[in-house]
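A closer look at the structure
Read off the chains here:
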Protein chains: 2
Amino acid sequence: MRNNNNIQMISKILVAVDGSSHAEKAFEYASYMAKKCGSKLLIAHVLEEFVGVGHSILKELEQRDIELLQKYKSRAKESAASISIDVIESRGNDVAEEILRIADKQKVDTIVVGDRGIKASKEFLMGSVSYKVTHYAKCPVIIVR
Amino acid sequence: MRNNNNIQMISKILVAVDGSSHAEKAFEYASYMAKKCGSKLLIAHVLEEFVGVGHSILKELEQRDIELLQKYKSRAKESAASISIDVIESRGNDVAEEILRIADKQKVDTIVVGDRGIKASKEFLMGSVSYKVTHYAKCPVIIVR
């Protein structure tokens, strides 16, 4: 985010998706913001690598995730969410760290993540990915519920 | 946040201010968003009540905070941040809880808070107010750094 009000404050928004309903809400929020603020929209998915998962299964999962990203890209285009819509498919054993790495590398102004939430004593607590992203991000983070 | 894309998704934004540079950034972000998204802007300050602080000191602090809110309101009006700008001055011994209470009562769509941050082992961790607001809010929360 830049301080000068005369220039674009939120020029690039990163939204992390994973096919869940929480990510769906984050995508809707990010698309809406990108449209209203004239921001570039970057849709990212991180494939979580588990020890012991074979190469062929990973390839299959990766293909499924690429299709998911393409669906989101099409939807963002259809709703004219942004003049610039990009997708990133990535892999890592720590999803939050990977999202933060993408945010840094792509120099985004805002990260949008859905929150899975954990029900604890009548209240909801943040899920682990959104928790970590919120704690360590260098830019503004939007947690969507 | 409502799901229908044809209606206003982010109709009311609550930003918490306290005179700090972190809150200043949150205010800038919230004002920019409100302007771009056509949202109502609600600027809130919570006076933290400490045990043992006398009535006259509290009155003095409250007066200072009301002036702070009026300054923010003037700035938001000057930059035409929103067609509707309101301020709320509140008191409580738990700032985060009070912010959450205002958000519920005022039915806001998004809460914006600055993050004080704590430097720990080369990384920044969230401050206690933003941490609690992020954990317990029912609506999307934006943590501004």
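Basis of the calculations
Residues numbered from 1 in each chain as written. Chains lettered and ligands numbered in written order. Predicted model: local features only at pLDDT ≥ 70, side-chain atom pairs only at ≥ 80, totals over all residues. Helix = DSSP H or I, 4+ residues; strand = E, 2+ residues; numbered from the N terminus. Buried ≥ 20, exposed ≤ 12 C-beta atoms within 10 Å, placed from the backbone. Contact = placed C-beta atoms within 7 Å. Axes fitted to C-alpha atoms, helices over the stretch in contact; angles between N-to-C directions. Parallel < 35°, antiparallel > 145°, perpendicular 65-115°, else oblique. Left-handed = near helix turned anticlockwise from the far one by under 90°. Nonpolar A, V, L, I, M, F, W, Y, C, P; charged D, E, K, R; others polar. Pairing = 2+ DSSP bridges. Core = buried A, V, L, I, M, F, W, Y, C linked by C-beta atoms within 7 Å. pLDDT = per-residue confidence, 0-100.

Describing the overall build of chain A
- Looking only at helices and strands, one finds four helices and seven strands in chain A.
- In chain A, the order of α-helices and β-strands from amino to carboxyl end is β-α-β-α-β-α-β-β-β-α-β.
- In chain A, buried positions account for 42% of the 145 residues.
- Within chain A, residue pairs in contact and separated by at least 24 positions form 71% of the contacts whose partners lie at least 6 positions apart.

Focus on the environment of Ala30(A)
Residue and element names in this part refer to chain A.
- Secondary-structure assignment places Ala30 in helix H1 (residues 21-37).
- We classify Ala30 as buried; it has 30 C-beta atoms within 10 Å.
- Note: C-alpha distance between Ala30 and Asn93 (63 residues apart in sequence) is 25 Å.
- Excluding its chain neighbours within four sequence positions, the residues that come into contact with Ala30 are Ile13, Val15, Leu41 and Val112.

Quick word on the packing of helix H3 (residues 95-105) of chain A against helix H4 (residues 128-136) of chain A
Residues and elements named next belong to chain A.
- Relative to each other, H3 and H4 sit at 40 degrees, their axes nearing to 8 Å. On the basis of the axis angle, H3 is oblique to H4. Here H3 and H4 pass one another in a crossing that is right-handed. Between H3, through Val95, Ala96, Ile99 and Leu100, and H4, the contact on the second element is made entirely by Val129, Lys132, Val133 and Tyr136.
- Per-class residue counts for the contact of H3 with H4 are seven nonpolar, no polar and one charged.

Overview of the pairing of strand S4 (residues 110-114) of chain A
Residues and elements named next belong to chain A.
- Of all the five residues making up S4, five are buried; the element is thus mostly covered by neighbouring parts of the structure.
- Because side chains alternate across S4, one face comprises the buried residues Thr110, Val112 and Gly114, and the other comprises Ile111 and Val113, equally buried.
- As judged from the three bridges shared by strand S1 (residues 12-16) and S4, these two strands associate in the parallel manner. Bridging across to S4, Ile13 finds its partner in Thr110.
- Examined bridge by bridge, S4 and strand S7 (residues 141-144) share four bridges and lie parallel to one another. For Ile111, the partnering residue across the bridge sits in S7 and is Val141.

Examining the sheet that holds strand S1 (residues 12-16) of chain B
- Taken together, the ten strands give an open sheet; going across it, the order is S3(A)-S2(A)-S1(A)-S4(A)-S7(A)-S7(B)-S4(B)-S1(B)-S2(B)-S3(B), and neighbouring strands pair in mixed fashion. The open sheet is flanked by strand S3 (85-92) of chain A together with strand S3 (85-92) of chain B, the only strands paired with a single partner. The mean inter-strand angle of the sheet, taken between neighbouring strand axes irrespective of direction, is 20 degrees.
- As paired elements, S7(A) and strand S7 (residues 141-144) of chain B share three bridges and run antiparallel to each other. Paired with Ile143(A) across the strands is Val141(B), a residue of S7(B).
- Here helix H2 (residues 55-78) of chain B sits on the sheet and contacts strand S2 (40-48) and S3 of chain B; the angle it forms with S2(B), its principal contact strand, is near 160 degrees.

Regarding the pairing of S3(A)
- Strand direction decides the pairing type here: strand S2 (residues 40-48) of chain A and S3(A), joined by eight bridges, are parallel. Residue pairing for S3(A): Leu41(A) is matched across the bridge by Ile85(A).

Re unusual backbone geometry
- Of note, the phi angle at Lys107(A) is positive, near 50 degrees, even though the residue is not glycine.
- Among the secondary structure elements, Lys107(A) is positioned in the loop between H3 and S4.

Here we look at the nonpolar core
- Ile13(A), Ile111(A), Val112(A), Ile13(B), Ile111(B) and Val112(B) are the most contacted members of the largest nonpolar core, which has 80 residues in total.
- Setting aside chain neighbours within four positions, we find Ile13(B) in contact with Ala30(B), Met33(B), Ala34(B), Ser39(B), Leu41(B), Leu42(B), Val108(B), Asp109(B), Thr110(B) and Val112(B).

Describing helix H3 (residues 95-105) of chain B
- When we look at burial in H3(B), the residues that qualify are Val95(B), Ala96(B), Glu98(B), Ile99(B), Leu100(B) and Ala103(B).
- Count one or two residues on from H3(B) and you reach Lys107(B), which has phi positive near 50 degrees.

With respect to the environment of Lys25(A)
- Note on placement: Lys25(A) falls in helix H1.
- Among residues more than four places away in sequence, those in contact with Lys25(A) are Gly114(A) and Val144(A).

Concerning the confidence of the model for chain A
Residues and elements named next belong to chain A.
- Of the residues in chain A, 88% reach a pLDDT of 70 or more, and the chain-wide mean stands at 87.
- For the stretch residues 1-7, pLDDT sits under 50, and the model shows ten contacts to residues farther than four places along the chain or on other chains.
- Taken together, the chains of this predicted complex give a pTM of 0.89 and an interface ipTM of 0.88.

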